[in-house]
Amino acid sequence: MDGLTTERLLLRPFRPEDLPVYAELNADPRVAEWLSGPLTPAESDEIALWANERWAADRLGLIAVERRADGRFLGMCGLHRQSSRPQDVEVAWRLAHEHWGHGYATEAGRAWLAYGFETLGLDRIVSMTDEANTRSLAVMRRLGLTYLENDVITDNGVTFDSVIYAITRSQWTEHLGR
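Right, let's walk through the structure included here. (Residues numbered from 1 in each chain as written. Predicted model: local features only at pLDDT ≥ 70, side-chain atom pairs only at ≥ 80, totals over all residues. Heavy atoms only, no water.)

In terms of helices and strands, the protein carries six helices and eight strands. The linear arrangement of helices and strands in the protein, starting from the amino end, is β-β-α-α-α-β-β-β-α-β-α-β-β-α. The globule rule puts the C-alpha radius of gyration for 178 residues at 16 Å, and the 15 Å found for the protein is close to it. Across the 178 residues of the protein, 47% fall into the buried class. Residue pairs at least 24 apart in sequence account for 61% of intrachain contacts in the protein once pairs closer than 6 positions are excluded. (Helix = DSSP H or I, 4+ residues; strand = E, 2+ residues; numbered from the N terminus. Rg over C-alpha atoms; globule rule 2.2 N^0.38 Å. Buried < 20%, exposed > 50% of the residue type's maximum accessible area, 1.4 Å probe, protein only. Contact = heavy atoms within 4.5 Å.)

For the rest of this paragraph, the subject is helix α4 (residues 104–119). With 16 residues, α4 ought to run about 22 Å at 1.5 Å a step, and its terminal C-alpha atoms sit 21 Å apart, in line with that. The buried fraction of α4 is high, at twelve of 16 residues. Buried within α4 we find Tyr 104, Ala 105, Thr 106, Glu 107, Ala 108, Gly 109, Ala 111, Trp 112, Leu 113, Tyr 115, Gly 116 and Phe 117. Of the residues trailing α4, Gly 121 is marked for its positive phi of about 70°. (Expected span 1.5 Å × (residues − 1).)

So, in structure tokens, the structure goes:
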């Protein structure tokens with residue numbers, strides 16, 4: 001399997017032509033506000049390589065999001081293990097600012113939750129962000145995740161207070177109305 005498909009999106013490994021656009025996304029101050037700061041092109045490329053390696057090795061990874069209608073690279077989304085919480089699998093997303101507000105993160109996140117629960121057989125999936133990141137918190141809630149706890153997370157050497165949301169397999173099934 002090369003990735004996942006939704007109504008509007010292809011969730012797939014990064015391609016070489018994605019890397020310059022991904023680097024622009026990661027350098028954008030509006031996006032970087034919720035990261036540990038703007039990333040260099042080399043740091044951005046390293047994340048994409050890591051994501052592809054994780055996807056190839058264990059079918060987890062924050063891989064590319066492509067709009068199916070025109071092949072446009074929108075950002076990344078997927079499942080991964082955050083080093084500060086290795087016991088958990090996190091659903092996470094990062095889209096270019098111009099693609100915010102179109103439902104892409106929710107659509108991609110929904111596909112990843114279904115994959116995590118239905119294909120990987122996970123019991124719980126979390127998502128984490130800075131408490132002030134209201135846009136990501138709204139996506140988490142639309143996906144059916146609910147507040148779990150606050151935690152201190154270290155990412156790329158930067159430590160920050162994070163709010164953790166979670167959903168279990170049974171909550172996911174209930175959220176879908178099954």
